[in-house]
Amino acid sequence: MPEFDEELIMRLYKTMYTIRSFEEKVSEQAGMGMIPGFMIHLSVGQEAVAAGVCAALRQDDYIVSTHRGHGHLIAKGASTDRMMAELRGKETGYCRGRGGSMHITSVEVGGLGANGIVGAGLVIAPGAALSARLRGTDQVAVCFFGDGASNQGTFHEGLNLAATWKLPVVFVCENNGYGFSTPQSSHQSIGRISRRAEAYDMPGITVNGDDVLEVYLAASWAVERAREGAGPTLLEAVTRRWLGHYVDDEDDYRSAEEKAEFTLHDPIEQLERRCIEQGLTSTSQLERIRSEVDEEIERACAFAEESEEPSPEDDPGLIFSGGER
Amino acid sequence: MAEDKAPETQFLTYFEAVRQALKEEMELDPSVFLMGEDIRYSIFGPTKDLHLEVGEGRVLDTPITESAFVGAAVGAAITGMRPVVEIMFADFMTVCMDQIINQAAKIRFMTGGQVKVPLVIRAPGGMLSSSAAQHSQCMEALFMHIPGLKICVPAGPVDAKGLLKSAIRDDDPVLFFEHKALYFASDEVPLDPRFTVPLGQASVLREGGDVTIFAISGMVSSAVSAANSLARDGISAEVIDPRTLVPLDTDTLLASVRKTGRLVTVEEGCLTGGVGAEITALVTSEAWSDLKGPVIRVAAKDQPVPFSPVLEAACAPNAQTIAAAARECVGKN
């Protein structure tokens, strides 16, 4: 195993645990009917991908996210209070209650938007990367998407454009084995999605998406490569979606045995074990991180609870900016 | 001495006016750049060899991949650039509907105003010379239904230049429908780089007191011809070109209808769910007491545009059908 400094490992641990704690709270509050709607897609079990990839990015780099996007935004540095407020549909939320879970966005941390259309980001991320090049910066754009999205036309169009123009994009496929209820074996003829990179003459790598350090290493390589002008990479992270596709999903298309196995690959526990075995940290230090995070999430819930509802009177002013150069 | 003064206008075709607007705005603002299929070649001419004048990096020929380059334009627009993309034929907008409707139009609202989307999509529409059903459609009515998109329908070279410059400077997504049959129409076009035509300001092309003819895009010149022939019959028609459908200059339209009491709408798009349907609903609800009779809509037939020149001509309105509608409207048919 390469050397990792303790600060990085603690940061990765804290990020993953923050995502877990945030989403477990969201799941609980959704169950209590506190969060409007049912379009809430949780990434419990997939935290290592968001944490590992975003740790390889700078603050001014971009991410384009998916419908399952809470983890990406937390990992990019968004604050959990404004996220929780957004999920509750409050005016203090990042999107002033106009987006909700599925469209959660924080441009100030480089999060260009979760997206309700599967595969939509695959063509938006190359545009952010093109913009960086035209503006003369060395920013990189990361595009998160799932195995399901890899069958959309936008996957092929986005990879083709980015490869042809050698744009600084990292395409991160979170392969959790399912497009909603449809297993990967039923929705595509290949197992390793990274093989599709060959068709666009870009590197394709598959990593264990439950191993945050492995994700981080691969992402760092791809990000630096993009930053140096060598073009895009397709990085596939094989992971597991512990919960249903959305909060009300009965998830009866997966057997109890299959689901029981998911937790054996818990990315947070894996990192914990590794840290302690290698003497990088102590159980009490990890416990302290967890309790700090849990308190942060409680504060986020309180902030969201106390925040005001948005006003329909403000809607018309948000359709157009009304401005001009 | 008159000959010492720089000319204030230049006689330009519509496509040259579009080109001049693009060039002027690119010279003015380094964040403006162009993307599209074969735009350096440019079938209709507006962007032909423009890269030689403004720089290779600012006129990008894309693969044939509407979803990718319109999606990329959204990504570029929300990160500080002002992309102007060309959809080679407006009909091809159907290939990138997600990028236009779900992304460009909604992203500002969905993010609570965190982003601006200064994006222009130029799209040549309308019938020209047997282009048939997939290269002839007028798409503007379809997009009027989508909040978050501005829509320009320039009917001549002056407006093409002035509106395109405003569209590029605008911080919101603008669909800019050029009409293919107008590309070689010509006029004296202002040369002052400060010249623009603001979005949302209709133009009254002919004043009249008996009937208002509201016409857009390729139908405006036919409406003016119709008004001229009506004048010979003693019918005084007022011709209004809204120039932009979103925002719509309702004040000018309603003032005209309140004066004439009669309205004919004219468009080259299909009748059902067309621009005229919306205008009719607007006028009947806002100026009902001033109307002296039913509004008449003149539009293309509700059918795909046919290939045969005979069938194609029969599908679209023309000056004669517009004049006939106006006569019916004033009860002199």
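Below is a summary of the structure that appears in this document. Predicted, not measured: the structure shown is a model, and the values here were computed from it.

Tallying each qualifying case throughout the model produces 40 salt bridges over all chains. Where Asp 192 of chain B meets Arg 194 of chain B, a salt bridge forms, and the shortest distance between an N and an O atom there is 2.9 Å. The class of Asp 192 of chain B is partly exposed, set by a relative accessible area of 32%. The exposed category is assigned to Arg 194 of chain B, whose relative accessible area is 69%. Several salt bridges share partner residues, and in doing so they unite Glu 91, Arg 96, Arg 98, Asp 314 and Asp 315 of chain A into one network.

All names here are of chain A. In this structure, the largest pocket encloses a volume near 400 Å³. Listed by contribution, the elements that provide at least two residues to the lining of the largest pocket are helix 1 (6-31), helix 2 (47-54) and helix 3 (70-76). Per-class residue counts for the lining of the largest pocket are nine nonpolar, six polar and five charged. Roughly 330 Å³ of volume is contained in the second largest pocket. Along the wall of the second largest pocket there are 29 residues; nearest its centre are Thr 66, His 67, Val 118, Gly 146 and Ala 149. Contributions of two or more residues to the lining of the second largest pocket are made by helix 5 (121-135), strand 2 (141-146) and strand 4 (178-179). When residues of the lining of the second largest pocket are assigned to their parent elements, the largest contribution, four residues, is made by strand 2.

With that settled, consider the interface of chain B and chain A. Tallying the contact residues gives 47 residues for chain B and 37 residues for chain A. Between chain B and chain A, roughly 3,400 Å² of surface is buried when both sides are summed, and carbon and sulfur atoms account for 64% of that area. There are 15 residue pairs in polar contact (both at pLDDT 80 or more) connecting chain B and chain A. Mapped by element, the contributors of at least two residues to the side of chain B that touches chain A are helix 1 (14-28), strand 2 (32-36), strand 3 (59-61), helix 3 (66-77), helix 4 (97-104) and helix 5 (107-110) of chain B. It is helix 3 of chain B that provides the largest number of residues to the side of chain B that touches chain A, a total of seven residues.

Residue and element names in this part refer to chain A. Within the open sheet, the five strands sit side by side as 1-2-3-7-6. Their pairing is parallel. The strands lining the two open edges of the sheet, one partner per strand, are strand 1 (62-64) and strand 6 (204-208). Each strand of the sheet is rotated relative to its neighbour by a mean of 20°, with strand direction disregarded. The sheet contact formed by strand 1 and strand 2 spans three bridges and is parallel.

With that settled, consider the side chain of Lys 165 of chain B. Residue and element names in this part refer to chain B. Here Lys 165 lies in helix 7 (residues 157-169). On the basis of relative accessible area, Lys 165 is assigned to the buried category, the value being 0%. Polar contacts involving the side chain of Lys 165 include one to the main-chain carbonyl oxygen of Pro 193, which spans 2.9 Å. Not counting residues within four places of it along the chain, the set of residues in contact with Lys 165 comprises Ala 21, Glu 24, Glu 25, Pro 193, Phe 195 and Thr 196.

Attention now goes to the packing of helix 1 of chain A against helix 11 (residues 283-306) of chain A. To characterise two packed helices, one gives the angle between the axes of the helices and the distance between these axes. Residue and element names in this part refer to chain A. Running from amino to carboxyl end, helix 1 crosses helix 11 at an angle of 40°, the nearest separation of the two axes being 9 Å. Classified by the interaxial angle, the pair formed by helix 1 and helix 11 is oblique. Helix-helix and strand crossings are classified by hand; for helix 1 and helix 11 the assignment is right-handed. Contacts between helix 1 and helix 11 involve Glu 6, Met 10, Tyr 13, Lys 14, Tyr 17, Thr 18, Ser 21, Phe 22, Lys 25 and Gln 29 from the first element and Gln 285, Leu 286, Ile 289, Arg 290, Val 293, Asp 294, Glu 296, Ile 297, Glu 298 and Cys 301 from the second. Residues of the contact of helix 1 with helix 11, tallied by class, amount to nine nonpolar, four polar and seven charged.

What follows is about the packing of helix 1 of chain B against helix 7 of chain B. Residue and element names in this part refer to chain B. It is at 8 Å that the axes of helix 1 and helix 7 come closest, and there the two elements cross at 30°. Considering the angle they form, helix 1 stands roughly parallel to helix 7. Read as a crossing pair, helix 1 and helix 7 show a hand that is right-handed. The segment helix 1 lies against helix 7, with Tyr 14, Ala 17, Val 18, Gln 20, Ala 21, Leu 22, Glu 24, Glu 25 and Leu 28 engaging Pro 157, Ala 160, Lys 161, Leu 164, Lys 165, Ile 168 and Arg 169. Each residue belonging to the contact of helix 1 with helix 7 can be placed in one class, and the counts come to ten nonpolar, one polar and five charged.

Here is what the cut-offs are and how they apply
Residue positions are given per chain, counted from 1 along the sequence in the order it is written. All chains are assigned letters beginning at A, and all ligands numbers beginning at 1, according to the order in which they are written. Totals for whole chains, interfaces and linings use all residues, but because this is a predicted model, local features are given only for residues with pLDDT of at least 70 and pairs of side-chain atoms are given and counted only at 80 or more. Excluded from the side-chain calculations are hydrogens and water; all other atoms, namely the structure's heavy atoms, are used. Counted as salt bridges are all cases of a side-chain nitrogen of Lys or Arg within 4 Å of a carboxyl oxygen of Asp or Glu. Relative accessibility decides the category of a residue: with a 1.4 Å probe and only protein chains considered, values under 20% of the type maximum give buried, values over 50% give exposed, and everything between is partly exposed. Of the grid points, spaced at 1 Å and generated over the protein atoms alone, those admitting a 1.4 Å probe that cannot get out make up cavities, while open sets with protein on both sides within 12 Å along at least five of seven lines make up pockets; any residue with an atom within 4 Å of a point is treated as lining. Grid points are joined across faces, edges and corners, and a volume is the space filled by probe spheres set on the points. Strands are runs of DSSP state E lasting at least 2 residues, helices are runs of H or I lasting at least 4, and numbering of each runs from the N terminus. Each residue gets one of three labels, nonpolar for Ala, Val, Leu, Ile, Met, Phe, Trp, Tyr, Cys and Pro, charged for Asp, Glu, Lys and Arg, and polar for the others, Gly among them. Residues are treated as being in contact if the distance between any of their heavy atoms lies within 4.5 Å. Each of two parts loses accessible area, computed with a 1.4 Å probe, when they are put together; buried area is these two losses added. Each polar contact in these results corresponds to two N or O atoms within 3.5 Å; when the atoms are within protein, one needs to be able to donate a hydrogen and the other to accept it, and residues that are neighboring in sequence are counted only if both atoms are side-chain atoms. By definition, two strands form a pair when at least two bridges between them are found by DSSP. Angles run from 0 to 180 degrees between N-to-C directions of axes, and those axes are lines fitted to C-alpha atoms, restricted for helices to the stretch in contact. For this classification, under 35 degrees means roughly parallel, over 145 means roughly antiparallel, 65 to 115 means roughly perpendicular, and everything else is oblique. Handedness of a helix crossing follows the sense of rotation of the near helix relative to the far helix, less than a right angle counterclockwise being left-handed and clockwise being right-handed.

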